Structure formats: structure tokens, C-alpha cells
Number of protein chains: 2
Amino acid sequence: MTENSAIRTIPRKSLHEELVDRLQMLIITGELQPGTKVPEKDLCAQFGVSRTPMREALKVVASDGLVRLEQNRGAWVSPLTISEVEEVFPILGVLEALSGELACQNITDDEIAAVRALHEQMISSYEARDLEAYFSVNQKIHRAILKAARNDTLTTSCQALSLRMQRARYLANMSDERWAAAVQEHEKIMEYLALRDGKQLARTLLAHMRGKQASVTKWLQSQGGQV
Amino acid sequence: MTENSAIRTIPRKSLHEELVDRLQMLIITGELQPGTKVPEKDLCAQFGVSRTPMREALKVVASDGLVRLEQNRGAWVSPLTISEVEEVFPILGVLEALSGELACQNITDDEIAAVRALHEQMISSYEARDLEAYFSVNQKIHRAILKAARNDTLTTSCQALSLRMQRARYLANMSDERWAAAVQEHEKIMEYLALRDGKQLARTLLAHMRGKQASVTKWLQSQGGQV
DNA sequence: AACTGTAATTTTGAATTCATAATTTAGTCA
DNA sequence: TGACTAAATTATGAATTCAAAATTACAGTT
């Protein structure tokens with residue numbers, strides 16, 4: 001292993017995988033506006049790639065539902081609608097509930113300690129009213145529980161569905177009441193996880209997801225029901 | 001609507017979508033052997049298409065997990081393993097349970113009647129020990145319940161995950177006891193659906209899925225744990 | 001000015017081409 | 001004979017090219 005070997009590091013992902021990630025991010029952050037056409041040519045120029053890998057990536061992103069392909073008319077950014085939220089959150093609810101149950105069966109003491117550390121960090125972010133940090137740590141907690149569930153397929157499924165809701169989380173703010181309630185729910189989540197009480201944890205995660213759904217729906221409604 | 005309009009029907013799917021379906025079928029039926037390389041060139045010749053749409057389709061199929069892409073080494077048919085079965089069935093379980101709950105909230109009397117007709121048909125197939133017909137009608141029942149749940153995302157998610165298990169259902173036979181038990185479970189499913197008892201239907205569908213998992217796992221074990 | 005039909009332009013879907021990486025084959029030497 | 005190396009072959013990933021479809025621009029008509 002000389003230093004030279006690092007100079008020409010093999011790209012960790014293939015071009016099209018990299019592009020899938022980039023496209024997802026562009027859509028989640030709203031840089032690609034919902035309902036608009038995906039500017040294929042421009043994106044190719046922007047990323048310095050030809051149309052072939054870009055179009056491969058678009059096919060994959062379309063199969064996840066973030067864009068819609070129309071025959072001979074190109075790719076369009078799917079808007080996030082209330083009805084989509086009402087479809088996806090209940091699914092995410094039962095999946096997270098399952099992840100909670102499985103996590104209680106498989107999580108180690110060390111992992112519980114790690115989640116507790118994240119939990120404390122999240123509380124601090126809440127007390128400092130640092131939404132950015134709060135969201136980030138929040139995600140880490142959910143990911144840690146998913147990881148403890150020892151089910152990669154479940155992780156993949158959750159992440160694919162979450163992705164479609166991420167746009168709302170990126171753009172929407174929570175109300176003060178909702179934020180407080182969410183923190184309360186997380187206290188319970190932490191408690192039941194530490195007790196390894198799968199049934200109760202599942203119940204709480206499901207309720208937590210219902211709360212999120214209501215919050216996102218409310219915000220979406222204030223936005224005219226879309227995006 | 002003249003007869004002429006049918007002569008030049010617009011292809012209902014784009015080339016790559018069609019190829020996605022074909023590839024999935026080739027893998028499910030075992031024509032493409034698990035663990036082997038996907039013969040890209042041969043398939044292109046077989047279907048009379050160039051590599052571009054075939055490779056687009058492979059990217060999509062890979063994102064569903066039926067094939068694995070290896071950098072510079074092409075696409076490989078993913079084997080169906082016990083650990084994958086143990087990951088996917090619990091997920092399908094909670095998703096079908098959810099579909100049952102939602103179906104009870106939304107299903108019409110006509111739809112219940114239609115499911116009952118399918119149910120009777122399935123019983124006949126069972127009594128005639130016609131496994132082929134039984135599987136076919138069975139699938140229709142599950143699809144009808146999913147449809148009554150009025151959640152397209154749930155339908156898509158279930159179908160994507162089912163696809164990966166379909167190989168086992170295609171190749172595996174059920175034991176007599178398992179088949180009898182499955183039919184019993186379906187009696188209950190029909191009963192609770194007719195009563196629109198979401199909670200009980202969910203419970204039954206979950207148990208039904210657990211039975212399927214055990215059956216498939218047992219068969220997979222008899223096959224050396226794979227395929 | 002609004003509408004219709006047609007030509008020019010652009011975009012899309014798919015085939016082809018090309019450079020590079022992986023694999024196979026052939027050849028060399030112990 | 002068998003292991004190793006180098007050349008040849010093949011397959012892969014990505015860019016380019018090409019035909020067909022869609023969109024735009026525009027002229028002629030009312």
C-alpha cells in the first residue's frame with residue numbers, strides 16, 4: 001500500500017449509482033422542483049457525464065417513485081401529495097413497528113448505550129431549539145434501531161419509503177406542540193428499547209409515525225396540498 | 001373506434017419496462033439460474049434489442065434485489081437464501097396485515113362477494129388437489145384484498161417483495177398438512193373480511209404469512225439452503 | 001387577434017461505437 | 001507436466017450516433 005495507490009482511487013460507486021444518489025438529493029432538497037421536467041441534458045452537462053448513465057439512473061429513481069417517466073416525453077419530478085403521504089406513512093408505521101420489535105430481540109447493551117447517547121444529544125438539540133441538529137440526530141436514532149433489527153431488507157424498504165417523505169421533512173417545520181410531543185414519544189421509545197419491550201416499542205413507534213403523518217399532512221395542506 | 005385503430009396499437013410499455021418484466025419472469029421461473037451470470041449478450045439477441053435498454057432494465061431489476069451488479073463484472077442472478085426468506089416474510093407479514101386492516105375499512109359489498117367467489121374457487125382447486133390452479137386463485141385473493149386496501153404504494157411494496165419469494169412458490173410444493181392448514185387459514189381470512197373485522201383479519205394474515213415462511217424455509221433447507 | 005396546419009427544431013429512445021477492465025488462451029520456462 | 005507470464009479475446013461501462021417522436025415557430029386563413 002504505497003501512497004500512490006490512493007492517487008487513483010477506484011470510484012466507490014459506479015457512475016450510475018452515484019447519479020442515483022445525486023438525483024435523489026436534488027429532488028429531496030427541492031433543487032429539482034416537483035411537477036417540472038427533469039432537465040436531462042443540463043444535468044448531464046452539470047455532472048459531466050453522457051446521457052447513458054444519467055438515463056439508467058433515472059430509470060432506477062423512477063422505480064422508487066421520485067420521478068415519473070412518460071413515453072417519449074422524458075422524466076418528470078413527482079410532486080409529494082397528501083394522498084401519497086396518507087399512503088406511505090401507515091406503511092412506514094408498521095415497518096418501524098416491526099423494526100422496534102426485532103431490535104428488542106437483537107440489540108446489544110452497547111447498542112442501547114449508543115442509542116441513549118444519541119437520545120441525550122437529541123434532547124439537547126431540542127432544548128437549544130436547533131431543528132437542524134434535532135432532525136439529524138433523530139434520523140440517526142431511527143437508523144440505529146433499524147440496524148439493531150438485523151434485517152437489511154427492512155432497512156432498505158424503510159429508507160426507500162422515507163426518501164419520498166424526506167422532502168416534507170426538509171421543507172416543513174414542526175409546530176411547537178408537535179415538537180414537544182415528538183420528544184415525549186422519543187422518551188418512551190428510549191424507555192421501551194432499554195427494557196427490550198418489543199410490543200410496547202412497536203406501539204409507540206406506530207403512534208410516533210401517526211404523529212409525524214398528521215404534522216406533515218397539516219403542513220402540506222397549508223402548501224395547497226402538494227410538494 | 002374502428003378496427004384500424006387496433007392495427008397500430010401504441011406499445012403499452014416502453015422497451016425497458018417490458019424487459020424488466022421479462023427479466024423478472026426469467027429469474028422467478030428459474031430459467032436464469034441463481035448464482036449464474038446474466039447472459040446480457042444472449043438475452044439481447046433473444047429479445048432482439050440492443051444492450052442499452054437491456055442494461056437499463058438490469059439496473060432496475062438490481063434495485064429490486066433480483067440481480068446483483070458487480071463493477072466491471074456484469075450482472076449476477078441473486079440466489080434465494082434462507083436468511084433472505086427470514087428477512088422478507090416478516091416484512092410481508094406486517095404489510096399484508098396492514099392491507100387487511102385497510103381493506104376492512106374500504107371494501108365494498110360487491111368486492112367481498114367477488115373475493116368470496118374466488119375463495120370458493122380456491123376451495124375447489126384444493127379439493128381437486130390442483131396446485132397450479134390453487135396458487136393462481138390464491139394470488140388473486142391476496143391481490144383483491146390489497147386492491148380493496150386502496151393504497152397503491154402498499155400494493156407496489158408488497159408485489160416487489162413477493163417477487164423475490166415467488167421463486168420458492170414456483171418451485172416448492174407444500175406438504176399436505178401445510179396445504180390443509182393454509183386452506184383453514186383462508187377460511188378465517190374470508191370470515192373476518194366479510195365481518196370487516198380488521199384487527200382479526202390482520203392477525204390471521206400475519207399468522208398465514210408465518211406459516212408460509214415456515215413452509216418455504218423447510219423446503220429451502222431441503223434444497224441445501226439456497227435457491 | 002385567434003386558430004389551423006405545416007415546417008423547423010429539439011428531445012427522446014435505442015443502436016452503435018469506443019476505451020478500458022476482466023477473462024481466457026497461448027506460450028515460456030522450470 | 002505444471003505453474004507463471006504475456007498476448008489475444010471478450011465483456012463491460014460509457015460516449016456517441018441515429019431515427020422517430022414531440023415540441024416549437026411560423027405562415028396563412030378567417
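Residues numbered from 1 in each chain as written. Chains lettered and ligands numbered in written order. Predicted model: local features only at pLDDT ≥ 70, side-chain atom pairs only at ≥ 80, totals over all residues. Heavy atoms only, no water.

A. View of the overall build of chain A. The helix and strand inventory of chain A stands at 10 helices and two strands. Principal-axis analysis of the C-alpha atoms places the extent of chain A at approximately 55 × 55 × 30 Å. Among the 227 residues that make up chain A, the fraction classed as buried is 50%. Of the contacts made within chain A by residues no fewer than 6 positions apart, 74% connect residues no fewer than 24 positions apart. Roughly 11,600 Å² of accessible area belongs to chain A as shown, and the carbon and sulfur atoms make up 50% of that amount. (Helix = DSSP H or I, 4+ residues; strand = E, 2+ residues; numbered from the N terminus. Buried < 20%, exposed > 50% of the residue type's maximum accessible area, 1.4 Å probe, protein only. Contact = heavy atoms within 4.5 Å. Areas by Shrake-Rupley, 256 points an atom, 1.4 Å probe, with all protein chains shown as cover.)

B. Just the relation of the copies chain B and chain A, in detail. Note on the identical chains: chain B maps onto chain A by a rotation of 180 degrees and an axial translation of 0.0 Å, with an RMSD of 0.0 Å. Viewed as a symmetry operation, the transformation between the two copies matches a two-fold axis. With an isologous cut-off of 70% or more, the 100% of interface residues of chain B that recur at the interface of chain A puts this contact in the isologous class. (Least-squares fit on C-alpha atoms with pLDDT ≥ 70 in both.)

C. Expanded view of the packing of helix α6 (residues 109–127) of chain B against helix α7 (residues 131–148) of chain B. Residues and elements named next belong to chain B. Remark: α6 packs on α7, axes separated minimally by 9 Å, with the N-to-C direction vectors making an angle of 160 degrees. Taken together, the axes of α6 and α7 are roughly antiparallel relative to one another. Judged by the twist between their axes, the crossing of α6 over α7 is left-handed. Facing Glu111, Val115, Leu118, His119, Gln121, Met122, Ser125 and Tyr126 of α6, the residues of α7 in contact are Ala133, Tyr134, Val137, Asn138, Lys140, Ile141, Ala144 and Ala148. In terms of residue class, the contact of α6 with α7 is made up of 10 nonpolar, four polar and two charged. (Axes fitted to C-alpha atoms, helices over the stretch in contact; angles between N-to-C directions. Parallel < 35°, antiparallel > 145°, perpendicular 65-115°, else oblique. Left-handed = near helix turned anticlockwise from the far one by under 90°. Nonpolar A, V, L, I, M, F, W, Y, C, P; charged D, E, K, R; others polar.)

D. Geometry of the protein's contact with DNA strand C. The immediate surroundings of DNA strand C are formed by 15 residues, with Lys37(A), Arg55(A), Leu15(B), Ser50(B) and Arg73(B) found nearest. Take the atoms of DNA strand C that sit within 4 Å of the protein: sugar and phosphate atoms are 71% of them. Between DNA strand C and Lys37(A) there is a distance of 2.6 Å, counted from a phosphate oxygen to a side-chain nitrogen or oxygen. Interatomic distance of 2.8 Å between a side-chain N/O atom of Arg55(A) and a phosphate oxygen of DNA strand C. Every element with two or more residues in the surface near DNA strand C is listed here: α4 (51–64) of chain A together with α4 (51–63) of chain B. Looking at side-chain class alone, the surface near DNA strand C contains three nonpolar, five polar and seven charged residues. (Near = heavy atom within 4 Å. Polar contact = N/O pair within 3.5 Å; in protein donor to acceptor, adjacent residues only side chain to side chain.)

E. Quick peek at the pairing of strand β1 (residues 67–70) of chain A. Residue and element names in this part refer to chain A. The pairing of β1 with strand β2 (residues 74–77) spans four bridges and is antiparallel. Bridging from a neighbouring strand, leucine 69 pairs with alanine 75 of β2. Linking two consecutive strands that pair antiparallel, namely β1 and β2, is a turn of three residues; a positive phi of about 65 degrees is found at asparagine 72 within it. (Pairing = 2+ DSSP bridges.)

F. Molecular detail of the domain arrangement of chain A. Residues and elements named next belong to chain A. If you check the domain split of chain A, you get domain 1 (4–77) and domain 2 (82–222). Computed from C-alpha atoms alone, the centre-to-centre distance between domain 1 and domain 2 is 28 Å. At the interface, eight residues of domain 1 touch five residues of domain 2. Between domain 1 and domain 2, the buried area comes to about 740 Å², and carbon and sulfur atoms account for 68% of it. Sorting the residues of domain 1 by area buried against domain 2 places Ile28, Asp64 and Leu66 first, and these three jointly supply 59% of that buried surface. On the surface where domain 1 and domain 2 come into contact, there are zero salt bridges. Taken together, the connections running from domain 1 to domain 2 amount to zero residue pairs in polar contact (both at pLDDT 80 or more). Take the side of domain 1 that touches domain 2: its biggest share by element is three residues, from helix α2 (residues 15–28). Across the side of domain 1 that touches domain 2, the residue classes break down as five nonpolar, two polar and one charged. (Domains from an automatic or database assignment. Buried area = accessible area lost by both parts, 1.4 Å probe. Salt bridge = Lys/Arg side-chain N within 4 Å of Asp/Glu carboxyl O.)

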